[in-house]
Amino acid sequence: MPTISNKGKQMPESPIRKLVPYSEIAKKKGNKVYHLNIGQPDIKTPEVAMNAVKNIDLTILEYSHSAGNESYRKKLSAYYINQGISVNIEDIIITTGGSEALMFAMGSTMDQGDEIIIPEPFYANYNGFSTASGVTVVPVISTIETGFALPAVEDFEKLITPKTKAILICNPGNPTGYLYSKEEIMQLAALVKKHDLFLISDEVYREFTYDGDVHYSVMNVPGLEEHAIMIDSVSKRYSMCGARIGCIVSKNKEVMAAAMKFAQARLSPPTIEQIASEAALDTPQSYFDEVISEYRERRDTLIVELNKIDGIIVSKPKGAFYCIAQLPVNNADAFAQWLLESYDLDGETVMVAPAAGFYSTPGMGLNQVRIAYVLKKEDLISAVRILKAAIPVYNATQTKA
């Protein structure tokens, strides 16, 4: 029979979604499952976006421009300028989610066999995007002991080879919640200029910062115009994950011309979702103030509750809505599956994302999980209570085995 491609065989499975069949089985048993595994906010989408969809008056659902609707790109440019990021309409291409933007970035800057350095743990799909693009991920390890701060520049530099084309960061980070400081961004900027590399920054969680910390974009670094590529999305900012609208942003005209060819090859981004995304730019600041306050309270609640578990190690995230927790278990993957298959506390259990899938280095993160604090505080408390009760039961089963 015909066989699938080597690339298809090498595509990694999502650590976020691979346990879904087990959660479905748990629910069929009648158990309630607290989903801490996926960054799907429970925050309501802004009314202006929803109303724009409800009030659409179209007789033909046409293609949009391959770069995205001009009206949307103009409004998006104004949004960035308001954020202190000087971006013109020609610096923006609208994409089908931030995922496509990353694919365009890799396709426009790297060839088969080229290398991209990424601090790990990192968003698991970076592995998939790299595999699909024929690009090799070279990980540089950040540690839970430092709160997943940027590794030393020397650690990056010793990994640079003639095949290295880019460094990719997520700021604030998924899965760690770490927010890179201006000083750390400037260190990376100096490094990519020294070695003539691209600096790709996934900034989809830009608004989600806490404790007075300020997000600093790669687009703000003077003299980095030819090196900087920014990835963005409406998914988290407006709780519009299903819209699948993102963008690639760069002042490098050659990069954008190449990205435009990829954009033309897939014809255009979704029309209705662009209308919703354009309307979402009118979301009042009060919406974000309430959302950030809510996530800050959820973060604080989660960290307090997790620290009640003996043997746990967890760093306090500075941004986004994720954290990595190191559990007192020998295998978080097996533990996460066991929680769904074999355990419940008063008819309730928890779904977490095993963190090993967020690493590229074999053997890393085996006893870590990523937790998304996208549930209300009461549910977070209940979920951690279940984890606390489950860990000794699970470890006892491992001792017997």
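Thresholds applied
- Residues numbered from 1 in each chain as written.
- Predicted model: local features only at pLDDT ≥ 70, side-chain atom pairs only at ≥ 80, totals over all residues.
- Heavy atoms only, no water.
- Helix = DSSP H or I, 4+ residues; strand = E, 2+ residues; numbered from the N terminus.
- Rg over C-alpha atoms; globule rule 2.2 N^0.38 Å.
- Buried < 20%, exposed > 50% of the residue type's maximum accessible area, 1.4 Å probe, protein only.
- Contact = heavy atoms within 4.5 Å.
- Areas by Shrake-Rupley, 256 points an atom, 1.4 Å probe, with all protein chains shown as cover.
- Pairing = 2+ DSSP bridges.
- Domains from an automatic or database assignment.
- Buried area = accessible area lost by both parts, 1.4 Å probe.
- Salt bridge = Lys/Arg side-chain N within 4 Å of Asp/Glu carboxyl O.
- Phe/Tyr/Trp six-rings, centres within 6.5 Å; stacked < 30°, edge-to-face > 60°.

A. Spotlight on the overall build of the protein. A tally of regular secondary structure across the protein gives 13 helices and 13 strands. Relative to the 2.2 N^0.38 estimate, which gives 21 Å for 401 residues, the radius of gyration of the protein is 21 Å and therefore close to what a compact globule would have. Dimensions of the protein, computed from C-alpha atoms along their principal axes, come out at roughly 60 × 60 × 55 Å. Burial analysis of the protein (401 residues in total) assigns 56% to the buried set. Contacts in the protein between residues far apart in sequence, at least 24 positions, make up 76% of those at least 6 positions apart. Split by element, the accessible area of the protein, about 17300 Å² in all, is 52% carbon and sulfur.

B. Molecular detail of the pairing of strand β11 (residues 348–351). The two faces of β11 match: E348 and V350 on one face and T349 and M351 on the other face are all buried. Relative to β11, strand β1 (residues 32–35) runs parallel, the two being bridged by four bridges. In the sheet register, V33 faces β11, and the bridge partner there is T349.

C. View of the domain arrangement of the protein. Split by domain assignment, the protein resolves into domain 1 (6–44 + 286–399) and domain 2 (58–281). Each partner contributes residues to the interface: domain 1 has 39 residues there, and domain 2 has 35 residues. On the domain 1 side of the interface with domain 2, the three residues burying the most area are K318, A320 and F358, jointly 19% of the side's total. Counting the contacts that link domain 1 with domain 2 gives one salt bridge. Residues D211 and R299 are paired through a salt bridge, measuring 2.8 Å at the closest nitrogen-oxygen approach.

D. Local environment of the packing of aromatic side chains. According to the stated counting rule, one finds 18 aromatic pairs in the structure shown. Ring plane angle 80° and centroid distance 5.5 Å describe the contact between F208 and Y295, whose orientation is recorded as edge-to-face. In this pair, F208 is assigned in the loop between β6 (198–202) and β7 (228–233) and Y295 in helix α11 (residues 285–306), connecting sequence segments 87 residues apart. According to the relative accessible area criterion, F208 is buried, its value standing at 2%. Considering the side-chain rings of Y287 and F288, the 5.4 Å spacing of their centres and the 90° angle between planes classify their relative orientation as edge-to-face. No difference in accessibility class separates Y287 from F288, as the two residues are buried.

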